[in-house]
Amino acid sequence: MTDIRHELRKFVAPEFIIGEDARLLAGRYAKNYSVSHVMVVTDEQMLKTGWISSILESLTAEGIQYTIFSDVNPNPRDFEVMKGADLYRESRCDALVAIGGGSPIDCAKGIGIVVTNHSHILDFEGVDNISVSSPPLICIPTTAGSAADVSQFAVINDSRRKVKITIISKKIVPDISLIDPIPLTTLPKGLTAHTGMDAIVHSIEAYVSNASSPVTDIHALESIRILSKYLPLAYQNPENLHYRYQTLLGSLLAGLAFSNASLGIIHAMAHSLGGEYDLTHGECNALLLESAIEFNFSTCPDRYLSIGRALGVDYQCSDAEQCKGELIQALTKLRESVGIVQRFRQIGISMDCIPDLARNAIRDPCLATNPREPDIRDIEQIYARAL
Ligand SMILES: [Fe+2]
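Residues numbered from 1 in each chain as written. Predicted model: local features only at pLDDT ≥ 70, side-chain atom pairs only at ≥ 80, totals over all residues. Heavy atoms only, no water.

Chemist: Would you take a moment to explain the UniProt feature "domain: Fe-containing alcohol dehydrogenase-like C-terminal" (unreviewed entry) in the chain for this structure?
Modeler: The residues that UniProt annotates with the feature "domain: Fe-containing alcohol dehydrogenase-like C-terminal" (unreviewed entry) are residues 192-386. Between the end C-alpha atoms of residues 192-386 there is a gap of 22 Å, over a span that is 71% helix and 0% strand. (UniProt positions renumbered as here; feature names shortened; annotations may be inferred. Helix = DSSP H or I, 4+ residues; strand = E, 2+ residues; numbered from the N terminus.)

This is how it looks when you write it as structure tokens:
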């Protein structure tokens, strides 16, 4: 007999197809869901690439009509979601196809919530506050990082309060994700770096989360192994399809981990930064990572040491404090290898900004699963250390 207690854990994941040309299955899946007129949610940058035309052709080939909504900015705003929902109703759409990075996908999730639940998007903040499931949602991610295409999370910017709200519900897990490395071959280097570091932070936060489980652990550690090897390679060789495929695989595994184990203090603090200053989400995470580990490490040192091993750290340390230093060094090296070398003060954040940022961060639902409970002073110190 063992006295180990195996607590109940649930794992939610959508159907996904990963591989070259997966995007071309959009039409077939729309037909499988018996829909006739989809809203394609994307952004202006995506419309300028050639990739979207092949996806639209796959819809047309199956007799599916579409209406394009591309009025979506990075860090999607509440009013963009509401405008998309109006267009969805006016155009009599019956499904959503989201093409792009995390922003169009989160916006599409928001539109789906609003059109079936008939209320303002900001009414659904928090965990499990959605009554009615969304229309069919087909996702085609074109970055390797947000994993919004497989997660039960959506992050929307409350434009009046200037904070990001997090919506968490299995009712917004997409119906299918078509994960195709080909569109990533034209992804700019900066976006490759920021989204890739976002994925690594997803895995790290999921692995140390107090809602982690044996199933999420497997996904988190493997994702760290894959991304620490292939993100720098994809950054240096953007057109290499194998490297792009591996970063998508790493991002997918990270998404399955964090969607089910949730996140932690880094995301809570990054959401606050992104809401107030409209900074890139992945860059905020990357710049907070080392300071947050300084805070969390003593609560679960063994977990952090496992993360280091997954990163390839061959520990030479004699005590936990030295090991922490070696782990942080490895993460700094990884971050700098993808060109993220500046500090927050160089992108306009000063000591004066910190009290407001900390006040918003401490209310973020991602904090609930951080392994160490911070008070507002702790959060202020982490921001200050990252300046
Ligand atoms: Fe993230």
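The rest of the description comes next.
Chemist: Is there a simple way to think about the state of the cysteines in this case?
Modeler: For the structure on display, the rule yields 1 disulfide. Disulfide pairing places Cys-317 opposite Cys-323 at an S-S distance of 2.0 Å. Disulfide Cys-317-Cys-323: torsion about the S-S bond near 80°, hence right-handed. In this model Cys-300 remains outside any disulfide bridge; the closest cysteine sulfur is found in Cys-323, 14 Å from its own. Residue class for Cys-300 comes out buried when judged on its relative accessible area of 13%. (Disulfide = S-S within 2.5 Å. Buried < 20%, exposed > 50% of the residue type's maximum accessible area, 1.4 Å probe, protein only.)

Chemist: Please explain the domain arrangement of the chain as it appears in this structure.
Modeler: Accessible area lost upon the coming together of the parts is a frequently used measure of interface size. Domain boundaries assigned for the chain yield domain 1 (15-184) and domain 2 (188-386). Distance between the C-alpha centres of domain 1 and domain 2: 25 Å. With 27 residues of domain 1 at the interface, the matching set in domain 2 holds 31 residues. Note on domain 1 versus domain 2: buried area summed over both sides is about 2600 Å², and carbon and sulfur give 63% of it. Considering only the surface of domain 1 that becomes buried against domain 2, Ala-144, Phe-153 and Lys-164 emerge as the three largest contributors, covering 20% of it. Linking domain 1 with domain 2 are 0 salt bridges, by the criterion used here. The tally of links from domain 1 across to domain 2 stands at 5 residue pairs in polar contact (both at pLDDT 80 or more). Going through the elements one at a time, strand E1 (15-18), strand E7 (153-158) and strand E8 (163-168) are the ones with two or more residues in the side of domain 1 that touches domain 2. Residue composition of the side of domain 1 that touches domain 2, grouped by class: 13 nonpolar, 9 polar and 5 charged. (Domains from an automatic or database assignment. Contact = heavy atoms within 4.5 Å. Buried area = accessible area lost by both parts, 1.4 Å probe. Salt bridge = Lys/Arg side-chain N within 4 Å of Asp/Glu carboxyl O. Polar contact = N/O pair within 3.5 Å; in protein donor to acceptor, adjacent residues only side chain to side chain. Nonpolar A, V, L, I, M, F, W, Y, C, P; charged D, E, K, R; others polar.)

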